[in-house]
Amino acid sequence: FTPGIEPQATWCPGCGDFGVLKALKGAMVELGRDPDETLLVTGIGCSGKLSSYFESYGFHSIHGRSLPVARAAKLANPGLEVVAAGGDGDGYGIGGNHFVHTARENHDMTYVVFNNEIFGLTKGQTSPTSPKGHKSKTQPHGSAKDPIRPLSLSLTGGASYIARTAAVNPNQAQEILVEAIEHDGFSHVDFLTQCPTWNKDAKQYVPYVDIQKNEEYEFDITDRREAGEAMYEAESALYDGTVLTGRFYHDETRPSYHEEKQSVGELPEQPLAEQYFDPDREWERSLELVENHT
Ligand code: SF4
């Protein structure tokens with residue numbers, strides 16, 4: 001990976017998505033990851049363009065479905081470093097079901113959610129993280145709904161690494177992404193990204209607080225109860241104008257989905273991706289059949 005952002009990126013000037021790209025590439029460089037051994041799967045939205053600007057293998061999937069595609073790829077080829085990404089609408093709304101169950105099953109991958117409290121690509125509609133009272137074309141009198149609590153939902157689902165960072169904090173963002181990628185299990189990073197085109201009111205512009213650097217928020221990130229309380233406070237504070245970021249939960253003891261499956265003999269010794277290219281297997285003949293018909 002080469003550090004920095006892709007000059008051809010077509011996000012609006014000042015968009016927080018540039019910050020995600022820079023931090024993610026920085027994390028890959030820091031970890032010495034190879035683009036040939038990395039897959040980035042995206043959903044639909046401005047965030048979906050990330051897979052076009054990354055140097056690794058990419059899969060721009062459909063709305064809310066980046067996680068099932070990422071899961072399938074990881075199961076077929078466990079040696080791949082898999083990252084999935086999407087926006088708050090894509091991930092917490094359309095793909096909310098996949099989010100909860102990928103966390104529950106603790107699939108070994110990193111899930112980055114660009115949270116700008118709005119649907120950006122489709123021109124500013126209310127999203128699951130828009131604050132109550134937020135006015136948009138779809139909610140002209142203000143949203144009557146409380147926003148979703150993504151960190152708490154992730155913890156309840158079963159994610160084993162949960163953090164929140166912000167595009168305005170590039171150093172912390174890269175540090176957190178390094179940890180998330182290194183973690184064996186489902187890592188969820190709620191990444192606050194400003195959308196200056198459609199959501200000028202988003203709180204991501206105000207100064208943030210790093211909970212690991214502030215004694216007022218001291219808690220044990222390996223303790224589910226303490227982590228849950230910290231998340232609830234951070235999720236409430238966000239809409240009151242205090243942006244609390246940092247690591248909220250880290251469980252290094254829970255086996256990943258792949259490890260669980262392997263321990264009960266439910267996964268083949270030879271990964272599916274290798275079987276496909278093994279000339280001694282039935283696959284080869286299937287491949288020839290396909291080639292002969294094209
Ligand atoms: Fe970024 Fe918003 Fe522009 Fe989309 S519409 S590229 S989220 S600033």
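Residues numbered from 1 in each chain as written. Predicted model: local features only at pLDDT ≥ 70, side-chain atom pairs only at ≥ 80, totals over all residues. Heavy atoms only, no water.

**Q** I tried to follow the domain arrangement of the chain on my own but got confused; where do I start?
**A** In many analyses, interface size is given as the accessible surface area lost on bringing the parts together. For the chain, the assigned domains are domain 1 (17–263) and domain 2 (268–294). Taken over C-alpha atoms, the centre of domain 1 sits 36 Å from the centre of domain 2. (Domains from an automatic or database assignment.)

**Q** Just checking my understanding: could you explain the sheet that holds strand β7 (residues 208–210) for this structure?
**A** Through backbone hydrogen bonds, the strands of a sheet pair up, either in parallel or in antiparallel fashion. An order of β2-β1-β3-β4-β6-β5-β8-β7 is seen for the eight strands of this open sheet, with the pairing classed as mixed. Edge positions in the sheet fall to β2 (57–60) and β7, since each has one partner strand and no second. Across this sheet, the average inter-strand angle for adjacent strands is 20°, counted without regard to direction. Of the pairings in the sheet, the one linking strand β1 (residues 38–42) to β2 comprises four bridges and is parallel in character. Its bridge partner lying in β2, L39 is registered against Y57. Packing against the sheet, helix α7 (residues 170–182) makes contact with β3 (81–87), β4 (109–115), β5 (161–166), β6 (186–192), β7 and β8 (243–250), and its axis sits at approximately 160° to β5. Against the sheet, helix α8 (residues 224–238) makes contact with β5, β6 and β8, and its axis sits at roughly 160° relative to β8, the strand it touches most. (Pairing = 2+ DSSP bridges. Helix = DSSP H or I, 4+ residues; strand = E, 2+ residues; numbered from the N terminus. Axes fitted to C-alpha atoms, helices over the stretch in contact; angles between N-to-C directions. Contact = heavy atoms within 4.5 Å.)

**Q** I would appreciate a short explanation of the packing of helix α6 (residues 150–157) against α8 in the present structure.
**A** The packing of two helices is summarised by the inter-axis angle and the distance between the axes. Where α6 meets α8, the axes come as close as 8 Å, and the angle between the chain directions of the two elements is 155°. What the angle tells us is that α6 and α8 run roughly antiparallel. Listed contacts from α8 to P150, L151, S152, L155 and T156 of α6 are R224, G228, M231, Y232 and E235. Among the residues making up the contact of α6 with α8, the classes are represented as five nonpolar, three polar and two charged. (Parallel < 35°, antiparallel > 145°, perpendicular 65-115°, else oblique. Nonpolar A, V, L, I, M, F, W, Y, C, P; charged D, E, K, R; others polar.)

**Q** What exactly am I supposed to notice about the site of the ligand here?
**A** The ligand sits among W11, C12, C15, C46, N116, G120, C195, P196, T197 and W198. When its residues are assigned to classes, the shell around the ligand shows seven nonpolar, three polar and no charged. (Near = heavy atom within 4 Å.)

**Q** What should I look at first to understand the environment of E259 in this one?
**A** You can see E259 is positioned in helix α9 (residues 257–263). For E259, a relative accessible area of 39% corresponds to the partly exposed category. With 102 residues separating them in the primary sequence, E259 and G157 have C-alpha atoms 18 Å apart. (Buried < 20%, exposed > 50% of the residue type's maximum accessible area, 1.4 Å probe, protein only.)

**Q** What's the story with the side chain of T42 in this structure? I'm lost.
**A** Considering the arrangement of structural elements, one finds T42 in strand β1. Exposure remark for T42: the relative accessible area of 0% places this residue in the buried category. Those residues in contact with T42, other than ones at most four positions away along the chain, are S47, G48, L50, S51, F59, H60, S61, S66 and A85.

**Q** Would you take a moment to explain the pattern of salt bridges for this structure?
**A** One side chain can pair with another of opposite charge once the charged atoms of both are near each other. Counted under the stated rule, the structure contains 12 salt bridges. Between R149 and E235 there is a salt bridge, and its shortest N-O distance comes to 3.5 Å. Linking R149 in the loop between β4 and α6 with E235 in helix α8, this pair joins segments that are 86 residues apart in sequence. Here R149 falls in the partly exposed class, since its relative accessible area comes to 27%. Here E235 falls in the buried class, since its relative accessible area comes to 3%. Between R164 and D190 there is a salt bridge whose closest N-O contact spans 2.8 Å. (Salt bridge = Lys/Arg side-chain N within 4 Å of Asp/Glu carboxyl O.)

**Q** Would you mind showing me how to read a nonpolar patch on the surface here?
**A** Together, I44, I62 and L121 make up a nonpolar patch on the protein surface, roughly 270 Å² of accessible area in all. Among the secondary structure elements, I44 is positioned in the loop between β1 and α2 (50–53). Given a relative accessible area of 34%, I44 falls into the partly exposed group. (Patch = residues over 30% accessible without salt bridge, like charges linked within 9 Å, V, L, I, M, F, W, Y side chains within 5 Å. Areas by Shrake-Rupley, 256 points an atom, 1.4 Å probe, with all protein chains shown as cover.)

**Q** Can you walk me through a negative patch on the surface in this structure?
**A** Side chains of D184, E252, E259 and E260 sit close together on the surface and give a patch of like negative charge. The residue D184 is located in the loop between α7 and β6 in this model. (Lys, Arg positive; Asp, Glu negative; His and termini not counted. Charge placed at Lys NZ, Arg CZ, Asp CG, Glu CD.)

**Q** Looking at this structure, I do not really get the environment of E6. What am I missing?
**A** With respect to the element layout, E6 can be found in the segment before α1 (17–31). With a relative accessible area of 22%, E6 lands in the partly exposed category. In this structure the C-alpha to C-alpha distance between E6 and S127, which are 121 residues apart in sequence, comes to 27 Å. The contacts of E6, once residues within four sequence positions are left out, are L21 and Y53.

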